[in-house]
Every structure is written in C-alpha cells, then in structure tokens.
Amino acid sequence: MLRRLNFYSICFAFGLSVLLILAGTKYTDNINYHPPPETRKTIRNYLKIEDGDDNLAQPIPTNPYDGLPNIDKIIEKTRNKIRIELLNYNFTISGVSNLEDLLMESGGTPLRSLIVSTWRSGSTFFGELLNAMPGNYYHYEPFLWYDIIQIRGPPYSYKALKFMKNLMKCNHEGMSEYFEFGKGHLHAFSHNTRLWDHCKYNKELCFDPDFTTKICRLFPFQSMKVVRVRLRLIEELLEDKELNLKVVLLIRDPRGVMQSRQHRSFCQPSPDCWSPELVCADMISDYVAASRFMEKYPNRLMALRYEELALNPNATAHKVFKFLRLDVTPSVEEFLHTHTTTEVAGVSSTFRVSNAVPFKWKTSLLFNYVDEVQTACKEAMSLWGYKMVHNASQMASKDFYPIEPYTITQ
Ligand SMILES: *[C@@H]1O[C@H](CO)[C@@H](O)[C@H](O)[C@H]1NC(C)=O
Ligand SMILES: *[C@@H]1O[C@H](CO)[C@@H](O)[C@H](O)[C@H]1NC(C)=O
Ligand SMILES: *[C@@H]1O[C@H](CO)[C@@H](O)[C@H](O)[C@H]1NC(C)=O
C-alpha cells in the first residue's frame, strides 16, 4: 500500500517535472521569439496606452493606399486628447472654472504666455519648460526668416507684430513668409510638439494655414518665444484686451551671453548679435520698457534673469508658473527633473544646472575681452544686477559672485 502510494507520488513528481521542463522550454522560446513588425507595433501601442497616452502618437496614414490624412478626424482626436490630459488639471489656478473657459471654440480665452529674450539666453530651455504643460500649443520663434537681426521698430516691427498677433489668435491667413520659410526649415515647426505630432508624417499639414488655424484653436494654453523683438514693441500686444497676454522677459549677463555666442557661427557676421554695444543697448531698452510696463500693466510682466533659472530651476520655475497662472503638472515636474539633473546634448539644448554653466565665462574668456564687454555694458550691468570684475585674478577667484539683487524702479 505504502509502496504503491510511493509509486504514484514518483509518477506525479516525474510528470510535474516534465511539465515544468516543457513550460521552461516554451518560456525560453518566448524570450528568443521575435514578433513580426506588425505585432511589435501592437505591443508598443499597448504600452503607450498603458502610459496613459492614447494612440494619437501613431503615424497619420501617409502612404498612397491610406489616402490623405483626415483633418476632421485629427482635430477630433486632438480635442479628446487635450480633454483627457487635463482631467486632473486644477483650473482654479488658471483663474477659470473649467476647460471650456480657455477654449476658443467655446468662446473662451486661452492663457497666453510670451517669452521675450535674445540669442543664447536660456530661452530654448524655458520654452520647452512651458511646453511641458499638457494642452500647450507652442509658437516657437516665429521670426527665423528674418535671420540674425533685432527688431527694434519700423519697418520690421509692423509685420512682426501682426504675425505675433495672428499666431496667438490662431488666425494663420496672410502669413506666407512664415509658412514658406518653414518648408525649408522644419525646425520652425518641430518645436511645436503638438503640431509636429501630426505633420512629421505629413509635412504639408505644417504649411497648411487652414489646418494650423484649426488645430491651434483647440489648445487652452498658448506659448510663444521670441529672441528678435525688443520688449518695448510688445506694448501693442499688452494693449490688446482680446489676447490677455502675460510676458516673461528673460535677461542674461552680457558676459555669459557673449561667451556662449562665441560658439555660434551665425552670430559673428551680425552686429546685432556680436557687438556688446548693441546687445547692452537692448538690455537698457528692455529695462526701461519693463519698468514702464510693470506700472502701466500690473501683473502682466515678469522679468527674470537666466542665472536665477539655471542656479535654482525648481523654485524659479514654480515662481514663473504661478505668475503665468499655470498649475505645475506632473509632466512639468518630470521635465524639470530630467532636464536639470543631466546634460542634454545638442545645439541649443545643453542645459545643466551647476554654477559652471551661467558662470562659465569666468574661466573661458580672457580678462581683456571681459573688460571690453564691461566697458560697453556698464549701465546695463548695473541696472540688471551684474557685478563688474576688476582684474584677471578677481575673475578667476571663486569668491567673486557675479550677480547681486536688483530692482526695477518704477
Ligand atoms: C486648486 O487650486 C486652488 C488655488 O490654488 C486651491 O485652493 C485648491 O485646493 C486646488 N484644488 C485641488 C483639487 O487641488
Ligand atoms: C520645488 O519647489 C516647490 C515650490 O517651491 C516645492 O514645493 C517642491 O517641493 C520643490 N520640488 C523639489 C523636487 O525640490
Ligand atoms: C584685483 O581687484 C580686486 C578687487 O578690486 C583687488 O582687491 C585686487 O587688489 C586686484 N588685484 C590686482 C592684482 O590688481
């Protein structure tokens, strides 16, 4: 009896081992199993959905068998995507009670933010930070086609301001220069990730004012950055009640600006970019405009030094978002985390938080050149709280801290 039981147990154990071995083989097979491309795509779709993303990121059909992209369908999907992404958004912070209040198609007014800066002053990072907001439409630097010039007044300012208004109001008709330039320079559109999601598969969509107007109107948050328009001219936009615009002026130490521009070949041929006299005259003009606007348009302008953002990104970002009436969403926190703890390679995207970045000029510029910049920039530097350095040894010293508090007098 006992022996028979033993026999059955042995059979059972043996059977179980065989099963386990079989299962193991199957499992090993699975590891080495390469799904055909179609299946792999499905797996990725599945993961995407798991991530809380819907399948909007999927290619819009562009091959001839699929026909032309269905614009109505793209618009409908985008509308739903925005709604889903903002389900947990705290609209009270944005001064409204619900999403509709911020949607043009429901008769609402989007929250519009404009970054006014100049080349190599941290505006790329700052622009991307704002674009980390779900539901944001990013009008990236619309004046690339002007090349390397500063717009300080007529005649360029007429068209520049008209285009800025058109873009912000999602009315993209009559802007052929903007769209023509973009055809040869896709980066003019690719920074607008929520537009690029669609036109990277079908470039014509980017150049189709009818489509861009339609898609733009879906977004509750609209941001723009300009590096070629001086603050004084922005008054026309602040006067425009329909825009309800908030402006952030981003300033940087001219010594850091000039150091950073040395590595950009586009800069040297252009006096607007390369001459410290012009760069610092713009800084003075921006200061004068900023102090006037702060009085005349309370709570519509914030001035920010790049160094504050670079040295203290989290606290500064929170301050800026509060000013812009934007809730700091998990996606924004994630952006801050990933972009301020590691260096991201590539032109205009390098951003690492350490004293080394904003103050790199101290070790990489010759004192003679710094002295030249300071001579041209004395007034601008004193207005914006940048301390002069008096000789090479002071410049090399760790004890020399180039920034100090400043006030914008009204
Ligand atoms: C939304 O923000 C307001 C204002 O900051 C705050 O009083 C409220 O508690 C927030 N609501 C939620 C659900 O977090
Ligand atoms: C970022 O700053 C905010 C506000 O100052 C603070 O509440 C938050 O804890 C900070 N986050 C990190 C990761 O330091
Ligand atoms: C450099 O400038 C500092 C601050 O003005 C001064 O204290 C120091 O004596 C100067 N050094 C030389 C070598 O001139």
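For the structure, check the block above.
Remember, predicted model here, so these are calculated numbers, not experimental data. Chains are numbered independently. Their residues run from 1 in the order of the written sequence. Just so you know, chain letters begin at A and ligand numbers begin at 1, following the order they were written in. Local features in this predicted model are restricted to residues of pLDDT 70 or higher, and side-chain atom pairs are both shown and tallied only at a pLDDT of 80 or more, whereas totals for entire chains, interfaces and linings draw on every residue. Hydrogens are left out, water is left out, and the side-chain values use all remaining heavy atoms of the structure.

S.K.: Before we move on, could you go through the site of ligand 3 and cite the residues and values that matter?
M.R.: We call a residue near a given molecule or strand whenever any one of its heavy atoms falls within 4 Å of it. Taken together, His390, Asn391, Ser393 and Gln394 make up the full set of residues adjacent to ligand 3. Under the rule applied, a polar contact is a pair of N or O atoms within 3.5 Å (in protein, one hydrogen donor and one hydrogen acceptor; residues adjacent in sequence only if both atoms are side-chain atoms). At 2.3 Å, a side-chain N or O of asparagine 391 approaches an oxygen atom of ligand 3. Three classes are used, and their members are as follows: Ala, Val, Leu, Ile, Met, Phe, Trp, Tyr, Cys and Pro are nonpolar, Asp, Glu, Lys and Arg are charged, and the others, Gly among them, are polar. Each residue belonging to the shell around ligand 3 can be placed in one class, and the counts come to no nonpolar, 4 polar and no charged.

S.K.: Describe the nonpolar core, and please don't skip the residues or the numbers.
M.R.: Among the buried residues, those of types Ala, Val, Leu, Ile, Met, Phe, Trp, Tyr and Cys that are joined through side-chain atoms within 4.5 Å form a nonpolar core. Three exposure classes are used, based on accessible area relative to the maximum for each residue type with a 1.4 Å probe and protein chains only: buried under 20%, partly exposed in between, and exposed over 50%. If you look at the biggest cluster of nonpolar residues, it comprises 114 residues, and the most contacted ones within it are Leu114, Phe126, Met164, Leu231, Ile234 and Trp384. Counting from the N terminus, the helices are DSSP H or I runs at least four residues long and the strands are E runs at least two residues long. For this core, the element with the most residues is helix H18 (residues 367–384), which contributes 9 residues. We call two residues in contact whenever any of their non-hydrogen atoms come within 4.5 Å of each other. For tryptophan 384, the residues in contact, after removing those within four places along its chain, are Leu249, Ile251, Met283, Asp286, Tyr287, Ala303, Arg305, Tyr406 and Ile408. The next biggest cluster of nonpolar side chains, apart from the first, holds 5 residues, and it includes Trp119, Ile148, Cys267 and Cys273.

S.K.: I'd like a rundown of unusual backbone geometry, residues and numbers included.
M.R.: Of the consecutive residues proline 154 and proline 155, the connecting peptide bond is found in the cis state with omega at 0 degrees. For proline 155, the location among the structural elements is in the loop between strand E2 (136–139) and helix H5 (156–168). For arginine 120, which is not glycine, the phi dihedral falls at a positive 60 degrees. According to the relative accessible area criterion, arginine 120 is partly exposed, its value standing at 22%. The phi dihedral of arginine 325 is positive, around 60 degrees, even though this residue is not glycine.

S.K.: Would you mind going over the state of the cysteines in detail, with residue names and values included?
M.R.: Our working definition of a disulfide is a cysteine sulfur pair at a distance within 2.5 Å. Tallied over the full model, the rule gives 4 disulfides. Paired by a disulfide, cysteine 170 and cysteine 216 hold their sulfur atoms 1.9 Å apart. Its torsion about the S-S bond being -65 degrees, the disulfide of cysteine 170 and cysteine 216 is classed as left-handed. Taken together, the residues span a long stretch of sequence, with cysteine 170 in the loop between H5 and helix H6 (176–184) and cysteine 216 in helix H9 (residues 209–216) at a distance of 46 residues. By the burial criterion, cysteine 170 is buried, and cysteine 216 matches it. Across the disulfide from cysteine 267 sits cysteine 273; the S-S distance is 2.0 Å. Across the S-S bond linking cysteine 267 and cysteine 273, the dihedral sits near -105 degrees, which makes this disulfide left-handed.

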